[in-house]
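Single-letter residue listing:
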Amino acid sequence: ISFVARYGKAPPITPPYDRMPQLSFTAFRQEVFGGDFDLLSSYVQFQHPTLISGKRALAYPSFAFPLQNSYSYVIPKAGIHATRYVVDPNAQGLERETRTLPIVTTDAGLIFERDTTFTGLPFIQTLEPKIFYVYIPFKDQSRLPNFESGVQDVSFATIFTENQFSGHDRINDANQVTVGMTSRLIHPDTGIERVRGTIAQRYYFQDQRVTVPGVAPRPDHTGSSDFLAAVSGTILSSWTADAGWEYSTDPRQTQKFNVGA
């Protein structure tokens, strides 16, 4: 249940683009030249009654080389993101443009286990550190239209991803690493997870320069993202509870806090 109070007249909401049409093609195959091949591609014709319209074709092939055993994994990955725009005549002078960017990532983690007790009951406790590195060189994208991209909120769903922007019209420059830690309590007989706790934060080795129109870049003096923490667990046989916290290191204050059951 949520309650929203609104004062005064709400600003008008710009309707999104129509996609007329949108065609997508994806492919995945393991054991290709010793790695896993992945392809994301699409062709979209964006139409809008008041904004810039145009067509966009993209292809993002990548290779990943997973190395893993029972207690650890390392997954290096490299790909090329190629995008082609054909823009309708417009007052901003945007024309045909092509953007090609290499994307390199490494995902690695460890899994430790030990026997323990909690509230007098036996459990298996895990400790799972995780690290995710991303490198994408800077490329000026100010002459590209923005049909669908926006800044994503920092959350556990986005902090371990390559691109901080939604959509494909903006790809952030990146030289950064995200560090996280998860610990779980697992019932040894049934394998049911009773409690889970997770923390994560992203650290920047250089200032990010790519932005979306109308959004200011990340402050130069901020070397990290907001700090994230979450905990969830079973409180009764048919009830679970969870809580999440997002803390900004600059300024030092809580950005979000949520609880649920």
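Read on for a plain summary of the structure. (Residues numbered from 1 in each chain as written. Predicted model: local features only at pLDDT ≥ 70, side-chain atom pairs only at ≥ 80, totals over all residues. Heavy atoms only, no water.)

**Observations concerning the overall build of the protein chain**
1) Next: Scanning the protein chain from N- to C-terminus turns up 0 helices and 13 strands.
2) Next: Each helix and strand of the protein chain, ordered N terminal to C terminal, gives the series β-β-β-β-β-β-β-β-β-β-β-β-β.
3) Next: Structurally, the protein chain occupies a C-alpha span of about 70 × 60 × 40 Å along its principal axes.
4) Next: Counting over 261 residues, the protein chain shows a buried share of 32%. (Helix = DSSP H or I, 4+ residues; strand = E, 2+ residues; numbered from the N terminus. Buried < 20%, exposed > 50% of the residue type's maximum accessible area, 1.4 Å probe, protein only.)

**Some words on the environment of Pro122**
1) Next: By the secondary structure assignment, Pro122 is in strand 8 (residues 121-136).
2) Next: Considered as a pair, Pro122 and Asp88 are 34 residues apart in the sequence and their alpha carbons are 66 Å apart.
3) Next: Residues in contact with Pro122, not counting those within four places in the same chain, are Thr116, Thr117 and Pro188. (Contact = heavy atoms within 4.5 Å.)

**A word on the pairing of strand 6 (residues 97-110)**
Two faces make up the sheet, and in a regular strand the side chains alternate between them.
1) Next: Across 14 bridges, strand 5 (residues 72-87) lies against strand 6 in antiparallel orientation. Bridging from a neighbouring strand, Tyr85 pairs with Glu97 of strand 6.
2) Next: For strand 6 and strand 8, the ladder comprises 6 bridges, and the chain directions are antiparallel. Its bridge partner being in strand 8, Val104 is matched across the sheet by Tyr135. (Pairing = 2+ DSSP bridges.)

**Remarks on the pairing of strand 5**
1) Next: Sheet topology places strand 3 (residues 54-64) next to strand 5; 9 bridges connect them, and they run antiparallel. Across the sheet, residue Gly54 finds its bridge partner in strand 5, namely Val87.
2) Next: Bridge count between strand 4 (residues 67-68) and strand 5: 2 bridges; the pairing is antiparallel. Each bridged residue has a counterpart across the sheet, and for Leu67 the counterpart in strand 5 is Val74.
3) Next: Two successive antiparallel strands, strand 4 and strand 5, enclose a turn made up of 3 residues.

**Structural notes on unusual backbone geometry**
1) Next: With an omega of -5 degrees, the peptide bond running from Met20 to Pro21 counts as cis.
2) Next: Following Asp250, the chain continues to Pro251 via a peptide bond in cis, the omega torsion being 0 degrees.
3) Next: Note that Pro251 resides in the loop between strand 12 (239-249) and strand 13 (252-260).
4) Next: With phi around 55 degrees, Glu31 is a residue other than glycine that occupies positive phi space.
5) Next: Positionally, Glu31 belongs in strand 1 (residues 18-32).
6) Next: Judged by its relative accessible area of 65%, Glu31 is exposed.
7) Next: One non-glycine residue, Phe33, lies in positive phi territory at about 55 degrees.
8) Next: With respect to the helices, strands and loops of the structure, Phe33 is situated in the loop between strand 1 and strand 2 (35-47).

**Considerations on the packing of aromatic side chains**
1) Next: As enumerated under the stated definition, the model contains 9 aromatic pairs in all.
2) Next: Look at Tyr17 and Phe46: their rings are 5.9 Å apart centre to centre, the planes differ by 80 degrees, and that puts the pair in the edge-to-face class. With a gap of 29 residues between them, Tyr17 in the segment before strand 1 and Phe46 in strand 2 connect regions that are remote in the sequence. As far as burial versus exposure is concerned, Tyr17 and Phe46 are alike and both buried.
3) Next: With centroids separated by 5.4 Å and ring planes inclined at 40 degrees, the aromatic side chains of Trp245 and Tyr247 adopt a geometry described as tilted.
4) Next: When its relative accessible area of 33% is taken as the criterion, Trp245 is described as partly exposed.
5) Next: Assessed through its relative accessible area of 23%, Tyr247 is described here as partly exposed.
6) Next: Through pairs of rings, three or more aromatic residues link up here, namely Tyr17, Phe46, Tyr85 and Phe147.
7) Next: Positioned above the aromatic ring of Phe160 is the side chain of Lys130, whose terminal nitrogen or guanidinium carbon lies 5.1 Å from the ring centre.
8) Next: Note that Arg209 overlies the ring of Phe138, its terminal NZ or CZ placed 3.7 Å from the centroid. (Phe/Tyr/Trp six-rings, centres within 6.5 Å; stacked < 30°, edge-to-face > 60°. Lys NZ or Arg CZ within 6 Å of the ring centre and 35° of its normal.)

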